[in-house]
Amino acid sequence: MSDRTTTAAAPTPHVDAGDQGYSKDLKSRHINMIAIGGAIGTGLFLGAGGRMAGAGPSLAIAYAVCGAFAFFVVRALGELVLYRPSSGAFVSYAREFMGEKGAFAAGWLYFLNWSTTAVADITAAATYAHFWAMFSSVPQWVCALVALAVVLTANLISVKYFGEMEFWFAIIKVAALVVFMCIGIFLVVTQHSVGGHAPGLATIGDNGGLFPQGVMPMMLVIQGVVFAYASVELCGVAAGETENPGKIIPKAINSIMWRVGIFYVGSVVLLALLLPYTAYSDGESPFVTVLGKLGVPGAAGVMNLVVLTAALSSLNSGLYSTGRILRSMALSGSAPRFTGRLNKGQVPYGGILLTAGFGVLGVILNYVVPGEAFEIVLNFASIGILGTWGMVMICSLLFWQRSKEGRVSRPAYRLPWAPYTQIVTLCFLVGVVFLMWWGGGVGRTTVECLPLIAAALVGGWFVVRGRVAAIAAERPGLED
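The following paragraphs examine the structure supplied in this document.

Reading guide: rules and limits
- Residues numbered from 1 in each chain as written.
- Predicted model: local features only at pLDDT ≥ 70, side-chain atom pairs only at ≥ 80, totals over all residues.
- Heavy atoms only, no water.
- Helix = DSSP H or I, 4+ residues; strand = E, 2+ residues; numbered from the N terminus.
- Rg over C-alpha atoms; globule rule 2.2 N^0.38 Å.
- Buried < 20%, exposed > 50% of the residue type's maximum accessible area, 1.4 Å probe, protein only.
- Contact = heavy atoms within 4.5 Å.
- Lys, Arg positive; Asp, Glu negative; His and termini not counted.
- Charge placed at Lys NZ, Arg CZ, Asp CG, Glu CD.
- Polar contact = N/O pair within 3.5 Å; in protein donor to acceptor, adjacent residues only side chain to side chain.
- Core = buried A, V, L, I, M, F, W, Y, C linked by side-chain atoms within 4.5 Å.
- Expected span 1.5 Å × (residues − 1).
- Axes fitted to C-alpha atoms, helices over the stretch in contact; angles between N-to-C directions.
- Parallel < 35°, antiparallel > 145°, perpendicular 65-115°, else oblique.

A word on the overall build of the protein chain. Helix and strand counts for the protein chain stand at 20 helices and zero strands. Since a compact globule built from 480 residues should have a radius of gyration of about 23 Å, the 22 Å found for the protein chain is in line with a globular shape. Along the longest, intermediate and shortest principal axes, the C-alpha atoms of the protein chain span 70 × 55 × 40 Å. Counting over 480 residues, the protein chain shows a buried share of 59%. Taking the contacts inside the protein chain whose residues are at least 6 apart along the sequence as the reference set, 81% of them involve residues at least 24 apart. Charge separation in the protein chain, taken as the distance between the mean sites of 29 positive and 23 negative side-chain charges, equals 6 Å.

Our focus in this paragraph is the side chain of Thr-446. Position of Thr-446 among the secondary structure elements: in helix α19 (residues 441–448). On the basis of relative accessible area, Thr-446 is assigned to the buried category, the value being 1%. When sequence neighbours within four positions are dropped, the list of residues in contact with Thr-446 reads Asn-379, Phe-380, Ile-383 and Met-436.

Take the side chain of Ser-58 next. Examined against the element boundaries, Ser-58 turns out to sit in the loop between α3 (47–55) and α4 (59–83). Separated by 2.8 Å, the side chain of Ser-58 and the backbone oxygen of Ala-55 make a polar contact.

We now examine the nonpolar core. By size, the foremost hydrophobic cluster in this structure holds 153 residues, and its most contacted members are Phe-45, Tyr-63, Phe-90, Phe-180, Tyr-229, Met-303 and Trp-389. Sorting elements by how many residues they give to this core places helix α5 (residues 89–129) first, with 25 residues. If sequence neighbours within four positions are ignored, Trp-389 has contacts with Ala-70, Val-73, Val-226, Tyr-229, Val-232, Glu-233 and Leu-429.

Our next topic: helix α7 (residues 159–190). Across its 32 residues, α7 extends 46 Å between first and last C-alpha, which sits within 8% of the 46 Å expected from 1.5 Å per residue. The first or second residue beyond α7 is Gln-191, which carries a positive phi of 60°.

Within the secondary structure layout, Ile-183 lies in helix α7. With a relative accessible area of 33%, Ile-183 lands in the partly exposed category. Residues Ile-183 and Leu-270, spaced 87 residues apart in sequence, show a C-alpha to C-alpha distance of 9.9 Å.

Our focus in this paragraph is the packing of α4 against helix α12 (residues 245–254). Their axes nearest at 10 Å, the elements α4 and α12 cross at an angle of 175°. With respect to each other, α4 and α12 are oriented roughly antiparallel. Taking contact as the criterion, the partners of Phe-71, Val-74, Arg-75, Gly-78, Val-81 and Leu-82 in α4 are, on α12, Pro-245, Gly-246, Ile-249, Pro-250, Ile-253 and Asn-254.

Shown next, in the form of structure tokens:
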């Protein structure tokens, strides 16, 4: 039997005040490049080096598995977007299907994700800047502060400027990866020496095989790999500021799968073929490592500039998305009032400034523990990501259930194999949390902080619930 109901449902059963006031300045090319940029970020350009050193060539398997689940999440979000486009994205859907408590939890988990990711991004940008001798004497926290100031200024102007900046950032990232992969394939095919080493399958076979340290290290890097896919939901957030989401969003989402296969899995396979996994390290982009060993003048510097661009792109996207999410929450009473304000460029500057404020805390972290800053915030960002993805899949599951009850109609663009896809994905996310704890160190400490995060969410809800109820009472036409 078809999932469609026989009775026509209203095309917009839920109205979100947070969707009002935005311009519709994002075009098809912007959305497509935002989706590409979201799938290619700091987690690949910087994080892959340390993960390759820890897990070896099996890192490619971790990227493939996490990429499949990332696709399920964004496909589920895409179905909800086609049902009702909203700049509040999953917060708006949580409000519709789970009530204001669900929206409150979803929104603040997303904020945890991006406020800590902003710290990771400015830390990465500062790390990249130190590659050049002219910046080596500049303290890491100064470089981090400059990166934050530049991106914040650009983000506050208008959504059109954000779209243009992200468009060109994404083009630079994609072009660089394509060039690197072409060079890598040429080196493998011709057996050209890379730092005195002949690339090829022997590079894997002679250095411990696919799992040089066993299977467990590959399992333990999965939470870091999840961080690499943290921005795939951006096209869903941006749907509320585009003219024709019904046509644009499905194309953007469907292309994510082959991007994952080519850019993530393909890049890691090439890295494994070019150099032994022991040649890579935590503090340097693996792409810079390869090009540096080739000895081509300026090649490593150019790639380092590209990965710096990737970090700034991720920071740019984080400020954009949290601004929209916080505005959706503010207009329902579950976020500070000032985060609901728009400037003359129709940009929710309050939420952007709040996220940037946490970025300043990241500058302090870079001052206090510059060597550990990235790893600390990556783990907390991963908790926010897992929570956000979990909320998306729960909303998708509830949406599917309502469609079975005849209360809503699913669009033609759907998450396949529902409800099993949602259930398996939720089990995977729980498994990642367990692996974080099992791995010990910073990851275990982060998981042990979960009761504190839950307590903060519960306490925060009791603080805002009166205002949420008062605002809901003033808007009788809106669903809670």
